[in-house]
Amino acid sequence: TPRLALASGVTFLVAELVDFAVYTPLRRWSWPAAAGLSNTVGAIADSLLFLSLAGFPLASWATQSVVKVAVTLPFIVAVVAARRRRAA
């Protein structure tokens, strides 16, 4: 529906901006921490905003956020490992 499409588009934009706003200042301090924290904050923003804009109950926002982080965490770990191997 148009409402879901709009919710999806707006949510993607806002979540990416939030992710970037958290990642950018932290990346020089610690890339893995910046990636993990920005991913977590972006997942929370994504879940809360999409459910709100799409008209769904907010009851599942925490579960959705945890699943999003859990799915992406192995990729962050793999990139960290690859970067360490490359640096060595």
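Quick note: structure is the one above.
Residues numbered from 1 in each chain as written. Predicted model: local features only at pLDDT ≥ 70, side-chain atom pairs only at ≥ 80, totals over all residues. Heavy atoms only, no water.

J.: Tell me about helix α1 (residues 2-26), and name the residues and values.
T.: The end-to-end C-alpha distance of α1, which contains 25 residues, comes to 36 Å, matching closely the 36 Å that a straight helix rising 1.5 Å per residue would cover. Looking only at α1, the buried set comprises Ala7, Thr11, Ala15 and Val22. Summarising the contacts, the buried residues of α1 are in contact with α2 (31-54). (Helix = DSSP H or I, 4+ residues; strand = E, 2+ residues; numbered from the N terminus. Expected span 1.5 Å × (residues − 1). Buried < 20%, exposed > 50% of the residue type's maximum accessible area, 1.4 Å probe, protein only. Contact = heavy atoms within 4.5 Å.)

J.: I'd like to hear about the pattern of salt bridges, residue by residue, with values.
T.: Counted according to the given criterion, the structure contains one salt bridge. Here Lys68 ties to Asp46 by a salt bridge, and the two come within 2.2 Å at their closest N and O atoms. Here Asp46 lies in helix α2 and Lys68 lies in helix α3 (residues 61-87), a separation of 22 residues in the sequence. Looking at Asp46, the relative accessible area reads 22%, which means it is partly exposed. (Salt bridge = Lys/Arg side-chain N within 4 Å of Asp/Glu carboxyl O.)

J.: Run through the packing of aromatic side chains, naming residues and quoting values.
T.: Here the structure, examined in full by the defined rule, presents one aromatic pair. Seen from the ring of Trp31, Arg83 lies directly overhead, with NZ or CZ sitting 4.6 Å from the centre. (Phe/Tyr/Trp six-rings, centres within 6.5 Å; stacked < 30°, edge-to-face > 60°. Lys NZ or Arg CZ within 6 Å of the ring centre and 35° of its normal.)

J.: Please provide a residue-by-residue account of a nonpolar patch on the surface, values included.
T.: A contiguous nonpolar surface patch, about 510 Å² in accessible area, is contributed by Leu6, Val10, Leu13, Val14, Leu17 and Leu53. Here the element with the most residues in the nonpolar patch is α1; it accounts for five residues. By secondary structure assignment, the location of Leu17 is in helix α1. (Patch = residues over 30% accessible without salt bridge, like charges linked within 9 Å, V, L, I, M, F, W, Y side chains within 5 Å. Areas by Shrake-Rupley, 256 points an atom, 1.4 Å probe, with all protein chains shown as cover.)

J.: I'd love a proper account of the environment of Asp46, names of residues and values included.
T.: Taking the C-alpha atoms as reference points, Asp46 and Ser65, 19 residues apart in sequence, are found 8.0 Å from one another. In this view, Asp46 contacts Thr11, Ala15 and Lys68; residues no more than four positions away in its chain are not counted.

J.: So what's going on with the side chain of Thr11? Which residues, and what values?
T.: Locating Thr11 in the fold gives a position in helix α1. Thr11 sits in the buried class, given a relative accessible area of 2%. Within the local environment of Thr11, its side chain forms a polar contact with the backbone oxygen of Ala7, the two atoms lying 2.6 Å apart. Contact partners of Thr11, with chain neighbours within four places excluded, come to Asp46, Leu49, Phe50 and Leu53. (Polar contact = N/O pair within 3.5 Å; in protein donor to acceptor, adjacent residues only side chain to side chain.)

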